[in-house]
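Structural characterization, general
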Amino acid sequence: MGNRLAGKVAAITGGSQGIGLAIAQRFAEEGADVSFCYRSNKAGADEAVTNIANTGRKVAGFQYDVSSVNDGQKFVADTAAQFGKIDILVNNAGLERRADFWDATEADFDAVLNVNLKGLFFITQAFVKHRMAVKAGGKIINISSVHEELPFPHFASYCASKGGVKMLTRNLSIELAPLGITINSIAPGAIETPINKNLLNDPAKLSALLENIPLKRLGTPDDVASMAVFLGSEESNYATGTTFFLDGGLTWNYQEQ
Ligand SMILES: NC(=O)c1ccc[n+]([C@@H]2O[C@H](COP(=O)([O-])OP(=O)(O)OC[C@H]3O[C@@H](n4cnc5c(N)ncnc54)[C@H](O)[C@@H]3O)[C@@H](O)[C@H]2O)c1
């Protein structure tokens, strides 16, 4: 338990499992009140609410679909109404769909882009309007991916969405700086969460991946939460418009045998 986020209110998209859940829990342990939304994992959301409440912080879990602009706006409005304000926005909700490029469907493209990029765009806009209305700065943290930089064959829509997040982060850092709002991204490598269940259940694929990671392990949701606490705290005040890679060395791993 610490107090690096004491007195802050954080809104986190996708807090019912995986990385978003770890961030919600750690933020509360650092003194923040936490609101999160989720798509469908009600059991995970209920458990998160119970565990976070045990830290003594205020918590709320809303079932809102961030691919709907209206739902995203409601998430921000409901959180601000219930908690009085939002200081930190964590755009974490995301998904991926695997397909050879020539087989990718419009439905899959829309599912990925509407959550990972469009939803993030309009929730961020709602958060910025809220901070403008209360005449205060704030912090935005996007959970991007190493695939904002690194190709991932058969996941073209995912890479396009995360590349979009990279550019949006840079662009908004300039536009929001006069408002006292910073925006940064975290680019995780391979993290042990439900999004990777196929990989985690395939020992051959998993050991091939571990061969490519210089630190020879997957990341944990808590590894990502540690960086998110830093970016949500005053310690990161001079950082904006950049991406912090957390990948065990994966992205720049090049060696000759
Ligand atoms: N796990 C990894 O290896 C990894 C690596 C790089 C980046 N990421 C990114 O981290 C983020 C979290 O991923 P994760 O691994 O925890 O995945 P996950 O599948 O375990 O969790 C995803 C979360 O997003 C939420 N979500 C998805 N669609 C939503 C929607 N339409 N509306 C509201 N919420 C929605 C879910 O409710 C869930 O809480 C994603 O943006 C993902 O791209 C993950």
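Just above sits the structure.
Quick look at the structure, then. (Residues numbered from 1 in each chain as written. Predicted model: local features only at pLDDT ≥ 70, side-chain atom pairs only at ≥ 80, totals over all residues. Heavy atoms only, no water.)

1. Looking at the pattern of salt bridges
Applying the stated rule across the entire model yields ten salt bridges. Glu234 serves as the salt-bridge partner of Lys8, at 3.2 Å between the closest nitrogen and oxygen. Taken together, the residues Lys8 in the segment before β1 (9-13) and Glu234 in the loop between α8 (221-232) and β7 (243-246) connect sequence positions 226 residues apart. Taking the shortest distance from any N to any O, the salt bridge between Asp223 and Arg217 comes out at 2.9 Å. The network of salt bridges with shared partners includes Lys85, Asp87 and Arg131. (Salt bridge = Lys/Arg side-chain N within 4 Å of Asp/Glu carboxyl O. Helix = DSSP H or I, 4+ residues; strand = E, 2+ residues; numbered from the N terminus.)

2. Details of the packing of aromatic side chains
Summed over all chains, the structure comprises six aromatic pairs. Measuring from ring centre to ring centre gives 6.3 Å for Phe36 and Tyr38, while their planes differ by 50 degrees; the resulting arrangement is tilted. For Tyr38, a relative accessible area of 5% corresponds to the buried category. Ring geometry for Phe62 versus Phe75: centroids 6.1 Å apart, planes at 70 degrees, classification edge-to-face. Within this pair, whereas Phe62 is found in strand β3 (residues 59-63), its partner Phe75 is found in helix α3 (residues 69-83), the two being separated by 13 residues in sequence. Comparing Phe62 with Phe75, the two get one shared label, buried. Each residue in the set Phe62, Tyr64 and Phe75 is aromatic and connected to the rest through ring pairs, giving one cluster. Between Lys58 and the ring centre of Phe83, over which it is positioned, the NZ or CZ distance is 4.9 Å. (Phe/Tyr/Trp six-rings, centres within 6.5 Å; stacked < 30°, edge-to-face > 60°. Buried < 20%, exposed > 50% of the residue type's maximum accessible area, 1.4 Å probe, protein only. Lys NZ or Arg CZ within 6 Å of the ring centre and 35° of its normal.)

3. Remarks on the layout of surface pockets
Of the volumes computed, that of the second largest pocket is approximately 220 Å³. Together, Phe121, Thr124, Gln125, Val128, Lys129, Leu168, Asn171, Leu172, Glu175, Leu176 and Leu179 line the second largest pocket. Among the elements of the structure, α4 (106-133) and α5 (156-176) are those that each provide at least two residues to the lining of the second largest pocket. Of the residues contributing to the lining of the second largest pocket, the split by class is six nonpolar, three polar and two charged. (1 Å grid on protein atoms, 1.4 Å probe; cavity = no way out; pocket = protein on both sides within 12 Å on 5 of 7 lines; lining within 4 Å. Points joined across faces, edges and corners; volume = space filled by probe spheres on them. Nonpolar A, V, L, I, M, F, W, Y, C, P; charged D, E, K, R; others polar.)

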